[in-house]
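# Coordinate analysis (summary)
Residues per chain are reported as follows:
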Amino acid sequence: MFCERAMELVRELHRAAEGRLPAFNEDGLRQVLEEMKALYEQNQSDVNEAKSGGRSDLIPTIKFRHCSLLRNQRCTVAYLYDRLLRIRALRWECGSVLPSALRFHMSAEEMEWFNHYKKSLATYMRSLGGHEGLDITQDMKPPKNLYIEVRCLKDYGEFEVDDGTSVLLKKNSQHLLPRWKCEQLIRQGILEHVLS
Amino acid sequence: MTEELDLPGQDSDAGSEEVVLTPAELIDRLEQAWMNEKFAPELLENKSEIVECVMEQLQHMEENLRRAKKGDLKVSIHQMEMERIRFVLSSYLRCRLTKIEKFFPHVLEKEKTRREGEPSCLSPEECAFAREYMANTETYLKNVALKHMPPNLQKVDLLRAVPKPDLDSYVFLRVKERQENILVEPETDEQRDYVIDLEEGSQHLIRYKTIAPLVASGAVQLI
């Protein structure tokens, strides 16, 4: 049946858990494009037959192939765009440097898209207000406490706090730190918010 | 509390009217804009004057805090207030960006067909961001797939492919200014349209499309 490969691409993303980015299915995409090429060429020759040879009985087949072509296009674009949305979400969750495990799953063009998006977002954020702008990828949750108790999950090293003093973040050490400073590190998995 | 910090009132830079807001009123306006944007299904008119004034306010507060004595209780409380304001502002701007990205072809089309003098939904920076997002995505789709497809399938009409905001979704609102004779259109063929009055202070659950102009004018507040 036509469009099976295209449907597989869509199903692959549908199966992936919310937000997860599976490896880019280059083979699958290539096979869909090949099927489209074959369908189009078959249609071209049939259209010529129908016009010059008067074979109007070919018309239903031509229409059917055209529908398959449209479906292939739609599934392909849906697959590619949904991946872009997941990649976009990564910027907001992981920051501007992606973990290498995820980068492995992205194609070179997706990486390029991501870099353009990052740049666009940075330009926008810098333009906010009059001075250095506002980093709106911070402050994702309403602030409850000024300081929060955090436990360090991995060795991180020196970490500078507001008034110039610095704190040594060693694995398993616990600290009382300003909430907004810790947000980024909590998201990266270096610190853990301790709820007593 | 903010009186102690000796902040000046803010002037709107819109040019046509001089509006002086106290800091408390400014934060109120920000919170109203934030709630409206959160609950409205479509992108609302941009309020960059509020954004600019709030950022200036945060700047003032930060400078004052730096000059204040360390360990003073006032410092913690003001810092807390600053964090709350920063959260609301960030959340507001994030909400707008999310909608811009979600409906990007429609947002840009609306901007393109906007008449002279009509207020824009997008700030100049948001417009630039939207254009870049569209160009980036179109280029990507073209290079990775579309240009390898048969000649008659190399274009995708983004205005048809990307869904529009659902203006028929229901929203909660509180009435700030009394409204009379609001026409409520029927949803199904069996219903007929009818007219309602909105009393000041009353709360309603209603289709967004019916009251969209009232949100823009400030006559109702989405909650």
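Residues numbered from 1 in each chain as written. Chains lettered and ligands numbered in written order. Predicted model: local features only at pLDDT ≥ 70, side-chain atom pairs only at ≥ 80, totals over all residues. Heavy atoms only, no water.

Looking at an unreviewed UniProt entry, chain B carries the name DNA replication complex GINS protein SLD5, with the source organism given as Monodon monoceros. Of the comments in the UniProt record for chain B, the one headed Function (unreviewed entry) reads "Required for initiation of chromosomal DNA replication. Core component of CDC45-MCM-GINS (CMG) helicase, the molecular machine that unwinds template DNA during replication, and around which the replisome is built." Heading Sequence similarities (unreviewed entry) of the UniProt record for chain B holds this comment: "Belongs to the GINS4/SLD5 family." (UniProt positions renumbered as here; feature names shortened; annotations may be inferred.)

An unreviewed UniProt entry annotates chain A as DNA replication complex GINS protein PSF1 of Delphinapterus leucas. Entered under Function (unreviewed entry) in the UniProt record, the comment concerning chain A runs "Required for correct functioning of the GINS complex, a complex that plays an essential role in the initiation of DNA replication, and progression of DNA replication forks. GINS complex is a core component of CDC45-MCM-GINS (CMG) helicase, the molecular machine that unwinds template DNA during replication, and around which the replisome is built." Under the UniProt heading Subunit (unreviewed entry), the note attached to chain A is "Component of the GINS complex which is a heterotetramer of GINS1, GINS2, GINS3 and GINS4. Forms a stable subcomplex with GINS4. GINS complex interacts with DNA primase in vitro. Component of the CMG helicase complex, a hexameric ring of related MCM2-7 subunits stabilized by CDC45 and the tetrameric GINS complex."

This part is about the nonpolar core. Judged by nonpolar contacts, the single largest core of 78 residues is most densely connected at L80(A), Y124(A), I136(A), L89(B), L93(B), L97(B) and Y140(B). One finds L173(B), V175(B), A212(B) and A219(B) within the second-largest nonpolar core, a separate group that totals 16 residues. (Core = buried A, V, L, I, M, F, W, Y, C linked by side-chain atoms within 4.5 Å. Buried < 20%, exposed > 50% of the residue type's maximum accessible area, 1.4 Å probe, protein only.)

In the numbering used here, UniProt assigns the "domain: GINS subunit" (unreviewed entry) feature to residues 42-128 of chain A. Annotation note: span residues 42-128 of chain A, helix share 82%, strand share 0%, distance between end C-alpha atoms 55 Å. (Helix = DSSP H or I, 4+ residues; strand = E, 2+ residues; numbered from the N terminus.)

Each domain of chain A was delimited in the assignment, giving domain 1 (2-125) and domain 2 (145-191). Each of domain 1 of chain A and domain 2 of chain A has a C-alpha centre, and these two points are 42 Å apart. (Domains from an automatic or database assignment.)

Let's shift gears to unusual backbone geometry. Despite not being glycine, D139(A) has its phi angle at roughly 55 degrees, a positive value. Residue position: D139(A) is located in the loop between α5 (108-126) and β1 (147-152). One non-glycine residue with positive phi stands out, namely N181(B), at about 55 degrees. Along the chain, N181(B) falls in strand β4 (residues 179-184).

What follows is about the packing of aromatic side chains. Residues and elements named next belong to chain B. With the rule as written, the count across this model stands at 12 aromatic pairs over all chains. Here F104 and Y133 contribute two aromatic rings whose centre-to-centre distance is 5.2 Å and whose plane-to-plane angle is 80 degrees, an arrangement assigned as edge-to-face. Remark: Y133 occurs in helix α5 (residues 124-144) and F104 occurs in helix α4 (residues 104-112); sequence separation between them is 29 residues. Each of the two residues, F104 as well as Y133, counts as buried. With a centroid separation of 6.5 Å and 25 degrees between ring planes, the pair formed by F129 and Y133 is classed as stacked. With F129 and Y133 both in helix α5 and 4 residues apart, the pair spans about one turn of that helix. For the pair shown, F129 and Y133 are each scored as buried. (Phe/Tyr/Trp six-rings, centres within 6.5 Å; stacked < 30°, edge-to-face > 60°.)

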